[in-house]
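Descriptive analysis of the structure
Residues per chain, in single letters:
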Amino acid sequence: MRHLTPLVPLALLIAACGGPAETTPVATSDFEVKLTPVVTETEWPWGLAFLPNGDLLFTEKEGGLKFVAGGAGTATPVTGLPEAYIEGQGGYLGLVLDPDFETNRMVYISYSKGDDAANAAAVIKGRLSDDSSALENVEEIFWADRRDTAYHFGSRLQFANDGTLFVSLGEGFKYMKDSQDPSITHGKIVRINSDGSIPADNPFADGEAGAPAVWSYGHRNVQGLYYDAATGTLYETEHGPKGGDELNLVTPGTNYGWPEITYGVNYDGTIITNKTEAEGMAQPLTYWVPSIAPSGLVMLTSDVYPGWKGDLFTGGMNGPAGLELTRIDMENGEVVGKQSLFDGEYPIRDVVQGPDGHLYVATKDFDGIFRVDVTEAEAE
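So, here's what we can say about the structure. (Residues numbered from 1 in each chain as written. Predicted model: local features only at pLDDT ≥ 70, side-chain atom pairs only at ≥ 80, totals over all residues. Heavy atoms only, no water.)

1. Quick notes on the overall build of the protein chain
- Across its full length, the protein chain holds three helices and 24 strands.
- Principal-axis analysis of the C-alpha atoms gives the protein chain an extent of 75 × 60 × 40 Å.
- Scored against the burial criterion, the 380 residues of the protein chain give a buried share of 56%.
- On the protein chain, roughly 15900 Å² of surface is accessible, and the fraction owed to carbon and sulfur atoms is 49%.
- Side chains of the protein chain give 24 positive and 55 negative charges; the mean places of these two sets differ by 4 Å. (Helix = DSSP H or I, 4+ residues; strand = E, 2+ residues; numbered from the N terminus. Buried < 20%, exposed > 50% of the residue type's maximum accessible area, 1.4 Å probe, protein only. Areas by Shrake-Rupley, 256 points an atom, 1.4 Å probe, with all protein chains shown as cover. Lys, Arg positive; Asp, Glu negative; His and termini not counted. Charge placed at Lys NZ, Arg CZ, Asp CG, Glu CD.)

Encoded structure:
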């Protein structure tokens with residue numbers, strides 16, 4: 001007897017994975033790539049940063065800061081970090097070098113600080129010792145508004161051309177409505193000076209309509225942040241709920257909508273809002289339905305991979321379409337295609353470009369850190 005598959009209403013299909021599927025064309029490449037391991041012993045690596053000489057620093061969520069001479073091989077611990085609040089998604093997180101690292105050896109790290117009752121992302125800075133074994137003269141320059149939840153810390157860091165520092169902050173999951181309140185740092189990107197003071201040209205610098213540090217608001221959990229020094233453009237990727245992950249171009253004082261508008265739904269399939277757009281709220285450059293759980297973000301500026309220069313890359317950690325590296329094909333500031341690389345191989349937490357022009361990815365769990373290489377067949 002022939003069994004007929006029942007038709008599923010479109011509304012139920014949409015609710016199963018989020019809102020309407022994004023229709024950006026699939027991008028392709030004329031070559032294949034592979035992952036070459038460079039650091040094999042890692043535990044929940046989170047942020048990557050290459051030193052100008054090719055050495056590598058990376059954070060581990062529970063293990064603190066690690067150093068790898070030459071950028072490949074065995075990692076050694078870097079001492080001097082304060083104790084982190086390690087619970088849920090909290091721990092040692094984002095990492096960035098000072099723009100003048102070659103002369104001052106300063107390193108900036110975001111980590112979760114506090115306890116179960118009151119915690120938030122904090123940012124410290126310290127000098128990497130000459131032998132790279134310790135962080136010296138560590139001082140805290142920022143601590144976000146406290147929450148009582150161990151989820152959604154954001155915590156990516158990026159320097160701008162003017163020396164100011166962007167810090168992404170999650171909304172703590174259960175405090176999603178605070179993302180719409182500029183006076184609270186939940187669900188925000190903030191901009192501070194390298195000493196923690198507030199730039200005078202921040203959109204709410206006077207403190208009247210919002211917290212002085214706030215640069216943009218209406219975010220959920222930004223775990224990808226990239227500043228394009230050539231154009232002065234800030235990009236971010238953020239986690240939606242179930243569906244609705246976003247890539248945004250970030251501008252000062254702009255509201256990105258969460259949770260008033262979203263292309264996602266609650267994890268149980270219930271509706272957060274029926275709106276995907278609203279007046280005064282920015283639309284993403286692209287979004288993902290179903291989710292990939294994007295983390296890490298970089299623009300390729302080298303010529304290592306033919307045709308990829310100027311494209312953005314973000315890791316996919318989870319969700320129905322996760323476990324991948326996503327190439328976001330960019331032309332004139334617009335998304336014209338997306339390509340899934342290493343689909344189904346590893347959950348990728350961070351992606352950066354090394355001094356050699358190659359892309360490097362850190363996997364989310366215990367798999368290690370890899371270099372993205374063109375396959376030998378294509379290289380011949």
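Still more to cover.
2. Considerations on the pairing of strand β20 (residues 324-331)
- Burial analysis of β20 places seven of its eight residues in the buried class, which makes it a mostly covered element.
- As judged from the five bridges shared by strand β19 (residues 312-316) and β20, these two strands associate in the antiparallel manner. The residue of β20 that forms the bridge with Phe313 is Arg327.
- Strand direction decides the pairing type here: β20 and strand β21 (residues 334-341), joined by seven bridges, are antiparallel. (Pairing = 2+ DSSP bridges.)

3. Some words on the environment of Pro294
- Examined against the element boundaries, Pro294 turns out to sit in strand β18 (residues 294-299).
- In sequence terms Pro294 and Ile328 are 34 residues apart; their C-alpha atoms lie 12 Å from each other.
- The contact partners of Pro294, leaving out residues within four places of it in the chain, are Gln223, Thr237, Glu238, His239, Asp245, Thr314 and Gly315. (Contact = heavy atoms within 4.5 Å.)

4. Structural notes on the sheet that holds strand β24 (residues 369-374)
- Within the open sheet, the four strands sit side by side as β1-β24-β23-β22. Their pairing is antiparallel. Looking at the sheet topology across the chains shown, the edges are occupied by β1 (33-39) and β22 (348-353). When strand polarity is set aside, the average angle formed by the axes of neighbouring strands in this sheet is 30°.
- Note: strand β23 (residues 359-363) against β24, three bridges, orientation antiparallel. Across the sheet, Tyr360 pairs through a bridge with Arg371, a residue of β24. (Axes fitted to C-alpha atoms, helices over the stretch in contact; angles between N-to-C directions.)

5. What to know about the sheet that holds β20
- Within the open sheet, the four strands sit side by side as β18-β19-β20-β21. Their pairing is antiparallel. Because the sheet does not close on itself, it has two edges, and the strands there are β18 and β21. Here the average twist between neighbouring strands, direction ignored, is 20°.

6. A closer look at the environment of Pro212
- Residue placement: Pro212 occurs in the loop between β12 (188-192) and β13 (214-217).
- Note on Pro212: relative accessible area 31%, which makes it partly exposed.
- Each C-alpha atom, one on Pro212 and one on Val190, is 8.7 Å from the other, the two residues being 22 residues apart in sequence.
- With residues up to four places along the chain from it excluded, the contact list for Pro212 reads Ile198, Asn202, Phe204, Ala205 and Gly207.

7. Some thoughts on the environment of Thr276
- With respect to the element layout, Thr276 can be found in the loop between β16 (245-250) and β17 (286-288).
- Once the C-alpha coordinates of Thr276 and Thr79 are considered, the two residues, 197 residues apart in sequence, prove to be 46 Å apart.
- Setting aside residues no more than four positions away along its own chain, Thr276 makes contact with Ile261, Thr262, Tyr263 and Gln283.

8. As for the pattern of salt bridges
- If you walk through the whole model with that rule in mind, you get 14 salt bridges.
- The salt bridge involving Lys174 is made with Asp148; its shortest N-O contact spans 3.2 Å. In this pair, Lys174 is assigned in the loop between β11 (165-169) and β12 and Asp148 in the loop between β9 (135-143) and β10 (157-159), connecting sequence segments 26 residues apart.
- Residue Lys364 pairs with Asp365 through a salt bridge whose shortest N-O separation is 3.0 Å.
- The exposure class assigned to Asp365 is partly exposed, which follows from its relative accessible area of 23%.
- The structure contains a network of salt bridges with shared partners spanning Arg127, Asp130 and Glu136. (Salt bridge = Lys/Arg side-chain N within 4 Å of Asp/Glu carboxyl O.)

9. Looking at unusual backbone geometry
- Put simply, Trp258 and Pro259 share a cis peptide bond, and its omega is -5°.
- Mapping Pro259 onto the fold places it in the loop between β16 and β17.
- Val289 connects to Pro290 through a cis peptide bond whose omega is 5°.
- Tracing the backbone through its elements, the reader meets Pro290 in the loop between β17 and β18.
- In this model, Trp44 sits at a positive phi of 50°, which is unusual for a non-glycine residue.
- Residue placement: Trp44 occurs in the loop between β1 and β2 (45-50).

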